[in-house]
Amino acid sequence: MRKPELLIPASSLEVLKTAVIFGADAVYIGGEAFGLRAKAKNFSMEDMKDGIAFAHQYGVKVYVTANILAHNLDLDGVEAYFKELKEIGPDALIIADPGVFMIAKRVCPEIELHISTQANNTNYETYLFWHELGAKRVVTARELSLDEIREIRAHIPEELEIETFVHGAMCISYSGRCLLSNYFTGRDANRGACTHPCRWKYSIVEETRPGEYMPVYENERGTYIFNSKDLCMIEHIPELMESGIDSFKIEGRMKTALYVATVARTYRKAMDDYARDPKLYEQNMPWYKEQISNCTYRQFTTGFFFGKPDETTQIYDSNTYVKEYTYLGIVGERNEDGLYRIEQRNKFSVGEEIEIMKPNGDNLTVTVKQILGEDGNPQESAPHPKQILWIDLGCAMDSYDILRRAE
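Now for a look at the structure at hand. (Residues numbered from 1 in each chain as written. Predicted model: local features only at pLDDT ≥ 70, side-chain atom pairs only at ≥ 80, totals over all residues. Heavy atoms only, no water.)

1. Digging into the overall build of the protein chain
Selection criterion: Only DSSP runs of H or I covering at least 4 residues are called helices, and only runs of E covering at least 2 are called strands; the numbering of each starts at the N terminus. A simple rule labels every residue: compare its accessible area, found with a 1.4 Å probe on the protein chains alone, to the largest value its type can have, and call it buried under 20%, exposed over 50%, or partly exposed in between. Contact definition: two residues touch when any of their heavy atoms are within 4.5 Å. Residue burial considers only the protein chains on display, and all accessible areas are found by Shrake-Rupley using a 1.4 Å probe.
Helix and strand counts for the protein chain come out as 11 helices and 19 strands. Counting across all 407 residues of the protein chain, residues that qualify as buried make up 54%. Considering only contacts in the protein chain between residues 6 or more positions apart, those separated by 24 or more positions represent 68%. With the model as given, the accessible surface of the protein chain reaches about 18,300 Å², and the carbon-plus-sulfur share is 48%.

Here it is, written out as structure tokens:
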């Protein structure tokens, strides 16, 4: 049985560090151009350099997405971008476009090339095609079942790696190739600017009766006809680990540090428990399910892994997330007075009960004893996002512990 890596997304340097501390084997990030999350914070070259150095200290790899479907006017910029990345030295580039792939081969042949799910990798001949061109890894299309993935593994060389999404938001289009955003807003989903119209509420209008909106009903559940549930395979680690997959990929390069810490910690423990003893994995299943529901999600589905999805995989009455915890901040350094620095993300107050979320799986309920502003003056609450604070929670903490509050 192969020992898969756990591949975690990061939207910023802060989130990359969280992913590393909370159990990632590898992290994938986007630069400021040529990735499919143009609206994410993304990484400057300086942050990317710092992030790669930090990850490598912990033996964690960093992959950079460059998976747009390029137009002619993109190509010169792609080449210049890869020349910059060559100096920084990520462990791999994630690419969808054959032209971009050939530029990367020419400019930085020493960096591994991984083929994005956007390239529609649905059969073993496609895998063999990319292997012959020099790809180290191919990401499966979202539409594949576990049986199809096993068949691909049986027909490709051992050294060619398979990466598969196992958790996160599901794009309703074919392998992420969608034109809804282009048509409705002029923003190209395949060049990183998707407006997510699959989450919108739809009605229909009859041509001769303008202004009369008729709701679209499907099985009387509502009108969000493109709105997929989120993928979650935490209950199916055995099937995944025995399928020949080399990398379990988590979706979420727009997500917070709380989301990343929660998902990374939960899948890390589930994978390690199963590798140690399948009975331990079964025994700890209630903990995995409870923890994975602590981050924002849209209800869960197993996607295409066990056959064609049906109406139960869609959410017809809402486009909102389930949210059980609010993210408050990440613990930083400790000062000489025993207070800990945080950059606050959401409001909390003195006397309030919150939780410390630790990488080892512990969740500690504590009471906020004291809050000082950056100027050292005490305050009763922390109402302003991104405010620098010094706090006392009545116990010792470690850098990168996550603070959260139950809703």
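2. Topic: the environment of A396
Along the chain, A396 turns up in the loop between β18 (388-392) and β19 (402-406). Distance from A396 to R334, taken between C-alpha atoms, is 9.2 Å for residues 62 residues apart in sequence.

3. Focus on empty space enclosed by the protein
Rolling a probe over the atoms, with the probe sized like a water molecule, indicates the empty space that remains. As a reminder of what qualifies: Grid points spaced at 1 Å and placed over the protein atoms alone form the basis of the search, with a cavity being a set where a 1.4 Å probe fits but cannot get out and a pocket an open set showing protein on both sides within 12 Å along at least five of seven lines. Lining residues have an atom within 4 Å of a point. Grid points are joined across faces, edges and corners, and a volume is the space filled by probe spheres set on the points. By the convention adopted, Pro, Cys, Tyr, Trp, Phe, Met, Ile, Leu, Val and Ala count as nonpolar, Lys, Arg, Asp and Glu as charged, and the other residues, Gly among them, as polar.
For the structure on display, the rule yields two cavities of 30 Å³ or more. Estimated volume of the largest cavity: approximately 70 Å³. Taken together, T140, A141, R142, L144, T164, F165, M170, L231, T302, G303, F304 and F305 make up the lining of the largest cavity. Of the residues that constitute the lining of the largest cavity, the class distribution is seven nonpolar, four polar and one charged.

4. Comments concerning the pairing of β19
For clarity, the cut-off: Paired strands, as defined in this entry, are two strands with at least two bridges between them according to DSSP.
In terms of residue burial, β19 counts as a mostly covered element, since four of its five residues are buried. Where strand β13 (residues 325-334) and β19 come together, five bridges link them in antiparallel fashion. Note that in β19 the partner of Y327 across the bridge is R404. Across three bridges, strand β15 (residues 353-357) lies against β19 in antiparallel orientation. Residue E355 lies in a different strand from β19, and its bridge partner there is R404.

5. So, the pairing of strand β4 (residues 92-95)
Rule in force here: Here the term right-handed applies to a crossover when the path leading from its first strand over the helix to its second strand runs clockwise, the strands being oriented away from the viewer.
Here β4 shows a buried face lined by A92 and I94 and a second buried face lined by L93 and I95. Of the strand pairs in this sheet, strand β3 (residues 61-65) and β4 are connected by three bridges, and their pairing is parallel. Across the sheet, residue Y63 finds its bridge partner in β4, namely A92. As for the winding sense of the linkage, the β-α-β connection from β3 through helix α3 (residues 75-88) to β4 is right-handed. Across four bridges, the pairing between β4 and strand β5 (residues 112-115) is parallel. Looking at the pairing, A92 lines up with E112 of β5. The parallel pair β4 and β5, bridged by helix α4 (residues 98-107), forms a crossover whose chirality is right-handed.

6. Quick look at the pattern of salt bridges
Selection criterion: Salt bridges are defined as contacts in which a side-chain nitrogen from Lys or Arg sits within 4 Å of a carboxyl oxygen from Asp or Glu.
Applying the stated criterion across every chain yields a total of 23 salt bridges. One salt bridge in this structure joins D246 and R2, with 2.7 Å as the shortest N-O distance. Residue D246 is located in the loop between α8 (237-241) and β11 (247-250), and its partner R2 is located in the segment before β1 (5-9); the two are separated by 244 residues in the primary sequence. D246 gets classed as buried once you look at its relative accessible area, which sits at 13%. We note a salt bridge from D147 to R150, for which the minimum N-O separation is 2.7 Å.

7. Re α4
Here is the rule we go by: As used here, the arc is the angular range of directions from the helix axis to the C-beta atoms.
Three or more residues of α4 are buried, namely V100, F101, I103, A104 and V107. Down the axis of α4, the buried set is contained in an arc of 160 degrees. They therefore lie on one face. Packing partners of the buried residues in α4 comprise α3, β4, β5 and α5 (124-133).

8. Some points on the nonpolar core
Soluble globular proteins tend to pack their nonpolar side chains together in the buried interior. For the record, the criterion: Remark: nonpolar core denotes a set of buried residues (Ala, Val, Leu, Ile, Met, Phe, Trp, Tyr, Cys) joined through side-chain atoms within 4.5 Å.
F82, L93, I237 and Y267 are the most contacted members of the largest nonpolar core, which totals 94 residues. Counting residues per element, this core draws most heavily on helix α9 (residues 257-276), at 11 residues. Beyond its immediate stretch of four places on either side in the chain, I237 contacts F248, Y267, A270, M271, Y274 and Y281. Ranked by size, the runner-up nonpolar core spans 16 residues in total, among them V331, V366, A382 and I391.

9. A word on the packing of α5 against helix α6 (residues 146-155)
The line we're drawing: Note on definitions: angles span 0 to 180 degrees between N-to-C directions of axes, and those axes are lines fitted to C-alpha atoms, for helices only across the stretch in contact. Angles below 35 degrees are treated as roughly parallel, those above 145 as roughly antiparallel, those between 65 and 115 as roughly perpendicular, and all remaining angles as oblique. A crossing counts as left-handed when the near helix is turned anticlockwise from the far one by less than a right angle, and as right-handed when that turn is clockwise.
The contact between α5 and α6 brings their axes to 9 Å, and the two run at 45 degrees. Between α5 and α6, the angle is such that the two are oblique. Crossing of α5 over α6 shows right-handed handedness. Residue-level contacts link Y124, Y127 and L128 of α5 to E151, I152 and H155 of α6.

10. Digging into the sheet that holds strand β14 (residues 340-343)
Judged by pairing direction, the sheet is antiparallel, and its seven strands sit side by side in the order β16-β15-β19-β13-β14-β18-β17 without closing on themselves. In this open sheet, the two edge strands, each paired with only one partner strand, are β16 (363-367) and β17 (370-373). Here the average twist between neighbouring strands, direction ignored, is 35 degrees.

11. Topic: the packing of aromatic side chains
Note the following rule: Pairing of aromatic side chains requires ring centres within 6.5 Å, counting the rings of Phe and Tyr and the six-membered ring of Trp. Pairs whose planes differ by under 30 degrees are stacked, by over 60 edge-to-face, and all others tilted. A ring has a charge above it when a Lys NZ or an Arg CZ is no more than 6 Å from the ring centre and no more than 35 degrees off the ring normal.
Enumeration according to the criterion identifies eight aromatic pairs in this entry. What links up through ring pairs into an aromatic cluster is the set Y274, Y281, W287 and Y288. Just above the ring of Y28 sits the side chain of K249; from NZ or CZ to the centre is 4.5 Å. Over the ring of W287 we find K269; its NZ or CZ atom is 6.0 Å from the centre of that ring.

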